[in-house]
Amino acid sequence: MRKKIIAGNWKMNKTPSEAVALINELKPLVANDEVDVVFCVPAISIIPAMEAAKGSNISIGTENMYFEESGAYTGEIAPNMLTDVGVKFVIIGHSERREYFAETDETVNKKVLKAFEHGITPIICCGETLTQREQGVTIDWIRQQIKIAFLNVTAEQAKTAVIAYEPIWAIGTGKTATSDQAEEVCAAIRGCIAEIYDDATAAEIRIQYGGSVNAGNAAELFAKADIDGGLVGGASLKPEFGNIVNYNK
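Residues numbered from 1 in each chain as written. Predicted model: local features only at pLDDT ≥ 70, side-chain atom pairs only at ≥ 80, totals over all residues. Heavy atoms only, no water.

1. Thoughts on empty space enclosed by the protein
Within the structure shown, the criterion is met by one cavity of 30 Å³ or more. Within this model, the largest cavity holds a volume of roughly 40 Å³. Lining the largest cavity are Gly93, Ser95, Arg98, Cys125, Cys126, Gly127, Gln145, Glu166 and Ile168. Elements with a minimum of two residues in the lining of the largest cavity: α4 (95-101) and β5 (121-126). For the lining of the largest cavity, the per-class residue count stands at three nonpolar, four polar and two charged. (1 Å grid on protein atoms, 1.4 Å probe; cavity = no way out; pocket = protein on both sides within 12 Å on 5 of 7 lines; lining within 4 Å. Points joined across faces, edges and corners; volume = space filled by probe spheres on them. Helix = DSSP H or I, 4+ residues; strand = E, 2+ residues; numbered from the N terminus. Nonpolar A, V, L, I, M, F, W, Y, C, P; charged D, E, K, R; others polar.)

2. Notes on the layout of surface pockets
Put simply, the largest pocket is a space of about 500 Å³. Around the largest pocket, the lining comprises 18 residues; the ones closest to its centre are Lys11, Glu63, Asn64, Arg97 and Phe101. The biggest single contributor to the lining of the largest pocket is α4, with four residues. Along the lines of polarity and charge, the residues of the lining of the largest pocket split into eight nonpolar, five polar and five charged. Roughly 230 Å³ of internal volume is contained in the second largest pocket. Gly172, Ser212, Gly233, Gly234 and Ala235 are the residues nearest the centre of the second largest pocket, which is lined by 18 residues in total. Looking at the lining of the second largest pocket, its residues break down into five nonpolar, nine polar and four charged.

3. Thoughts on the environment of Gly86
Within the secondary structure, Gly86 sits in the loop between α3 (79-84) and β4 (89-92). Residue class for Gly86 comes out partly exposed when judged on its relative accessible area of 26%. C-alpha of Gly86 to C-alpha of Gly61: the two residues are 25 residues apart in sequence and 8.9 Å apart in space. (Buried < 20%, exposed > 50% of the residue type's maximum accessible area, 1.4 Å probe, protein only.)

4. A look at the sheet that holds strand β1 (residues 4-9)
Taken in spatial order, the eight strands line up as β1-β2-β3-β4-β5-β6-β7-β8 and close into a barrel, and their pairing is parallel. Across the sheet, the mean angle separating the axes of adjacent strands is 25 degrees when strand polarity is ignored. In this sheet, β4 lies alongside strand β3 (residues 58-62) in parallel orientation, the contact comprising two bridges. Its bridge partner lying in β4, Gly61 is registered against Phe89. (Pairing = 2+ DSSP bridges. Axes fitted to C-alpha atoms, helices over the stretch in contact; angles between N-to-C directions.)

This is how it looks when you write it as C-alpha coordinates:
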(Lines give C-alpha, C1' and ligand atoms only; values in the text may rest on other atoms or scores of the structure.)
Protein backbone atom coordinates (compact mmCIF):
# COMPACT_ATOMS: atom_id res chain seq x y z
CA MET A 1 0.00 0.00 0.00
CA ARG A 2 1.36 3.41 -0.95
CA LYS A 3 2.16 5.73 1.94
CA LYS A 4 0.54 9.12 1.62
CA ILE A 5 2.84 12.09 1.03
CA ILE A 6 1.67 15.57 1.97
CA ALA A 7 3.98 18.38 0.93
CA GLY A 8 3.79 22.09 1.56
CA ASN A 9 4.91 24.37 -1.26
CA TRP A 10 5.80 27.58 0.51
CA LYS A 11 6.46 29.47 -2.75
CA MET A 12 8.05 32.92 -2.20
CA ASN A 13 6.93 33.27 1.40
CA LYS A 14 8.61 33.48 4.82
CA THR A 15 12.02 34.85 5.67
CA PRO A 16 14.49 32.38 7.22
CA SER A 17 13.58 33.48 10.74
CA GLU A 18 9.88 33.29 9.93
CA ALA A 19 10.42 29.82 8.45
CA VAL A 20 11.98 28.62 11.70
CA ALA A 21 9.11 30.06 13.72
CA LEU A 22 6.53 28.42 11.45
CA ILE A 23 8.22 25.02 11.57
CA ASN A 24 8.39 25.19 15.36
CA GLU A 25 4.69 26.02 15.42
CA LEU A 26 3.76 23.25 12.99
CA LYS A 27 5.99 20.44 14.32
CA PRO A 28 3.53 19.19 16.96
CA LEU A 29 0.59 19.72 14.61
CA VAL A 30 1.96 17.55 11.78
CA ALA A 31 3.24 14.69 13.94
CA ASN A 32 1.73 11.79 11.98
CA ASP A 33 4.04 8.90 11.11
CA GLU A 34 1.42 7.36 8.85
CA VAL A 35 2.18 9.97 6.16
CA ASP A 36 5.35 11.51 4.76
CA VAL A 37 5.43 15.24 5.54
CA VAL A 38 7.58 17.55 3.40
CA PHE A 39 8.07 21.31 3.53
CA CYS A 40 9.43 22.71 0.26
CA VAL A 41 10.89 26.05 1.27
CA PRO A 42 12.68 28.92 -0.53
CA ALA A 43 16.37 28.21 -1.10
CA ILE A 44 17.54 30.79 1.44
CA SER A 45 15.56 29.02 4.17
CA ILE A 46 16.72 25.44 3.51
CA ILE A 47 19.50 25.31 6.11
CA PRO A 48 17.62 27.00 8.99
CA ALA A 49 14.55 24.91 8.11
CA MET A 50 16.65 21.75 8.30
CA GLU A 51 17.88 22.74 11.75
CA ALA A 52 14.38 23.58 12.95
CA ALA A 53 12.95 20.28 11.67
CA LYS A 54 15.56 18.07 13.36
CA GLY A 55 14.03 15.37 15.51
CA SER A 56 10.62 15.70 13.84
CA ASN A 57 8.88 13.78 11.08
CA ILE A 58 9.29 16.72 8.68
CA SER A 59 11.54 16.40 5.62
CA ILE A 60 12.79 19.58 3.97
CA GLY A 61 12.63 19.99 0.21
CA THR A 62 13.11 22.87 -2.16
CA GLU A 63 11.06 24.49 -4.90
CA ASN A 64 13.45 24.37 -7.82
CA MET A 65 16.82 23.07 -9.02
CA TYR A 66 18.94 23.52 -12.14
CA PHE A 67 19.94 20.68 -14.43
CA GLU A 68 23.69 21.43 -14.55
CA GLU A 69 26.29 20.49 -11.96
CA SER A 70 27.97 23.91 -11.79
CA GLY A 71 28.92 26.82 -13.98
CA ALA A 72 27.95 30.29 -15.15
CA TYR A 73 24.25 30.07 -14.30
CA THR A 74 23.74 33.14 -12.14
CA GLY A 75 20.95 32.75 -9.64
CA GLU A 76 20.52 28.98 -10.03
CA ILE A 77 21.08 26.23 -7.48
CA ALA A 78 22.87 22.98 -8.31
CA PRO A 79 21.77 19.51 -7.17
CA ASN A 80 24.93 18.83 -5.17
CA MET A 81 24.32 22.07 -3.25
CA LEU A 82 21.02 20.56 -2.16
CA THR A 83 22.31 17.10 -1.30
CA ASP A 84 25.20 18.61 0.66
CA VAL A 85 22.74 19.98 3.21
CA GLY A 86 20.46 16.94 3.17
CA VAL A 87 17.64 17.95 0.83
CA LYS A 88 15.62 14.90 -0.23
CA PHE A 89 12.82 16.41 -2.35
CA VAL A 90 12.56 19.03 -5.09
CA ILE A 91 9.48 20.40 -6.84
CA ILE A 92 9.99 20.35 -10.60
CA GLY A 93 7.85 21.94 -13.29
CA HIS A 94 5.34 23.79 -11.15
CA SER A 95 2.90 25.74 -13.33
CA GLU A 96 4.23 29.01 -11.93
CA ARG A 97 7.75 28.06 -13.04
CA ARG A 98 6.38 27.25 -16.48
CA GLU A 99 4.32 30.43 -16.74
CA TYR A 100 6.68 33.01 -15.25
CA PHE A 101 10.12 31.51 -15.89
CA ALA A 102 9.68 29.85 -19.29
CA GLU A 103 10.16 26.27 -18.11
CA THR A 104 9.21 23.69 -20.73
CA ASP A 105 8.47 19.97 -20.74
CA GLU A 106 12.02 19.47 -22.01
CA THR A 107 13.69 21.41 -19.20
CA VAL A 108 11.46 19.60 -16.71
CA ASN A 109 12.79 16.30 -18.08
CA LYS A 110 16.40 17.49 -17.74
CA LYS A 111 15.77 18.47 -14.11
CA VAL A 112 14.03 15.16 -13.36
CA LEU A 113 16.99 13.19 -14.74
CA LYS A 114 19.46 15.30 -12.76
CA ALA A 115 17.46 14.92 -9.55
CA PHE A 116 17.48 11.12 -9.89
CA GLU A 117 21.21 11.20 -10.66
CA HIS A 118 21.77 12.82 -7.27
CA GLY A 119 19.29 10.75 -5.29
CA ILE A 120 16.78 13.57 -4.87
CA THR A 121 13.10 12.66 -5.17
CA PRO A 122 11.42 14.87 -7.77
CA ILE A 123 7.87 16.06 -7.18
CA ILE A 124 6.92 16.41 -10.84
CA CYS A 125 4.06 18.83 -11.48
CA CYS A 126 1.51 18.65 -14.26
CA GLY A 127 -1.81 20.37 -14.87
CA GLU A 128 -4.17 21.97 -17.33
CA THR A 129 -5.59 25.46 -17.78
CA LEU A 130 -9.30 26.20 -17.53
CA THR A 131 -9.47 26.56 -21.32
CA GLN A 132 -7.89 23.15 -21.81
CA ARG A 133 -10.37 21.56 -19.42
CA GLU A 134 -13.33 23.27 -21.09
CA GLN A 135 -12.10 22.11 -24.50
CA GLY A 136 -11.89 18.50 -23.29
CA VAL A 137 -8.13 18.04 -23.80
CA THR A 138 -7.12 17.64 -20.15
CA ILE A 139 -6.10 13.99 -20.32
CA ASP A 140 -4.22 14.40 -23.61
CA TRP A 141 -2.34 17.40 -22.22
CA ILE A 142 -1.43 15.67 -18.96
CA ARG A 143 -0.28 12.52 -20.77
CA GLN A 144 2.05 14.62 -22.92
CA GLN A 145 3.54 16.31 -19.86
CA ILE A 146 4.08 12.96 -18.14
CA LYS A 147 5.57 11.19 -21.15
CA ILE A 148 8.13 13.93 -21.74
CA ALA A 149 8.95 14.33 -18.03
CA PHE A 150 9.77 10.60 -17.78
CA LEU A 151 11.83 10.35 -20.97
CA ASN A 152 14.92 8.20 -20.26
CA VAL A 153 13.86 7.65 -16.64
CA THR A 154 14.23 4.00 -15.62
CA ALA A 155 11.40 2.01 -14.07
CA GLU A 156 13.31 1.75 -10.79
CA GLN A 157 13.73 5.52 -10.71
CA ALA A 158 10.11 6.13 -11.67
CA LYS A 159 8.84 4.03 -8.77
CA THR A 160 10.39 6.50 -6.34
CA ALA A 161 9.08 9.65 -8.05
CA VAL A 162 6.15 11.73 -6.90
CA ILE A 163 3.75 13.26 -9.43
CA ALA A 164 1.64 16.25 -8.43
CA TYR A 165 -1.49 16.85 -10.49
CA GLU A 166 -2.42 20.50 -10.09
CA PRO A 167 -5.15 21.91 -12.32
CA ILE A 168 -3.88 25.43 -12.96
CA TRP A 169 -7.37 26.88 -12.64
CA ALA A 170 -7.51 25.62 -9.03
CA ILE A 171 -4.16 26.92 -7.75
CA GLY A 172 -4.65 29.75 -5.29
CA THR A 173 -8.12 30.49 -6.63
CA GLY A 174 -10.17 28.83 -3.92
CA LYS A 175 -11.62 26.59 -6.63
CA THR A 176 -10.93 22.90 -6.18
CA ALA A 177 -11.42 20.07 -8.60
CA THR A 178 -14.09 17.74 -7.25
CA SER A 179 -12.72 14.54 -5.79
CA ASP A 180 -14.08 12.68 -8.81
CA GLN A 181 -12.41 15.10 -11.26
CA ALA A 182 -9.11 14.79 -9.40
CA GLU A 183 -9.35 11.00 -9.26
CA GLU A 184 -10.13 10.78 -12.97
CA VAL A 185 -6.91 12.58 -13.90
CA CYS A 186 -4.76 10.86 -11.27
CA ALA A 187 -6.03 7.48 -12.51
CA ALA A 188 -5.16 8.52 -16.07
CA ILE A 189 -1.65 9.49 -14.92
CA ARG A 190 -1.22 6.07 -13.32
CA GLY A 191 -2.44 4.48 -16.53
CA CYS A 192 0.09 6.52 -18.51
CA ILE A 193 2.90 5.35 -16.22
CA ALA A 194 1.74 1.76 -16.76
CA GLU A 195 1.97 2.31 -20.53
CA ILE A 196 5.49 3.76 -20.28
CA TYR A 197 6.70 1.07 -17.88
CA ASP A 198 4.39 -1.62 -16.45
CA ASP A 199 1.60 -2.14 -13.94
CA ALA A 200 4.03 -2.79 -11.09
CA THR A 201 5.74 0.57 -11.57
CA ALA A 202 2.39 2.34 -11.85
CA ALA A 203 1.24 0.69 -8.63
CA GLU A 204 4.21 2.06 -6.68
CA ILE A 205 4.45 5.64 -7.89
CA ARG A 206 2.77 8.21 -5.65
CA ILE A 207 0.44 10.79 -7.19
CA GLN A 208 -0.61 13.89 -5.29
CA TYR A 209 -3.46 16.28 -5.93
CA GLY A 210 -2.77 19.99 -5.55
CA GLY A 211 -4.94 23.05 -6.04
CA SER A 212 -6.64 24.73 -3.08
CA VAL A 213 -6.32 21.68 -0.83
CA ASN A 214 -7.56 22.54 2.64
CA ALA A 215 -8.67 20.93 5.90
CA GLY A 216 -12.23 20.72 4.62
CA ASN A 217 -11.57 18.73 1.45
CA ALA A 218 -8.39 16.77 2.23
CA ALA A 219 -10.06 13.62 3.60
CA GLU A 220 -12.40 13.26 0.63
CA LEU A 221 -9.60 13.81 -1.88
CA PHE A 222 -7.11 11.51 -0.17
CA ALA A 223 -9.70 8.72 0.11
CA LYS A 224 -9.64 8.24 -3.65
CA ALA A 225 -7.81 5.16 -4.91
CA ASP A 226 -5.26 6.99 -7.05
CA ILE A 227 -4.64 10.08 -4.90
CA ASP A 228 -1.71 9.53 -2.57
CA GLY A 229 -1.64 12.87 -0.78
CA GLY A 230 -1.41 16.52 -1.65
CA LEU A 231 0.86 19.34 -2.73
CA VAL A 232 -0.46 22.17 -0.59
CA GLY A 233 0.15 25.87 -1.19
CA GLY A 234 -1.34 28.59 0.99
CA ALA A 235 -2.71 26.25 3.64
CA SER A 236 0.79 24.90 4.34
CA LEU A 237 1.70 28.28 5.83
CA LYS A 238 -1.01 28.04 8.49
CA PRO A 239 -1.83 25.85 11.50
CA GLU A 240 -4.56 24.39 9.29
CA PHE A 241 -1.84 22.31 7.63
CA GLY A 242 -1.85 20.11 10.69
CA ASN A 243 -5.47 19.17 10.01
CA ILE A 244 -4.60 18.31 6.42
CA VAL A 245 -1.72 16.07 7.51
CA ASN A 246 -3.97 14.44 10.12
CA TYR A 247 -6.88 14.01 7.69
CA ASN A 248 -7.12 10.35 8.79
CA LYS A 249 -7.43 11.01 12.52
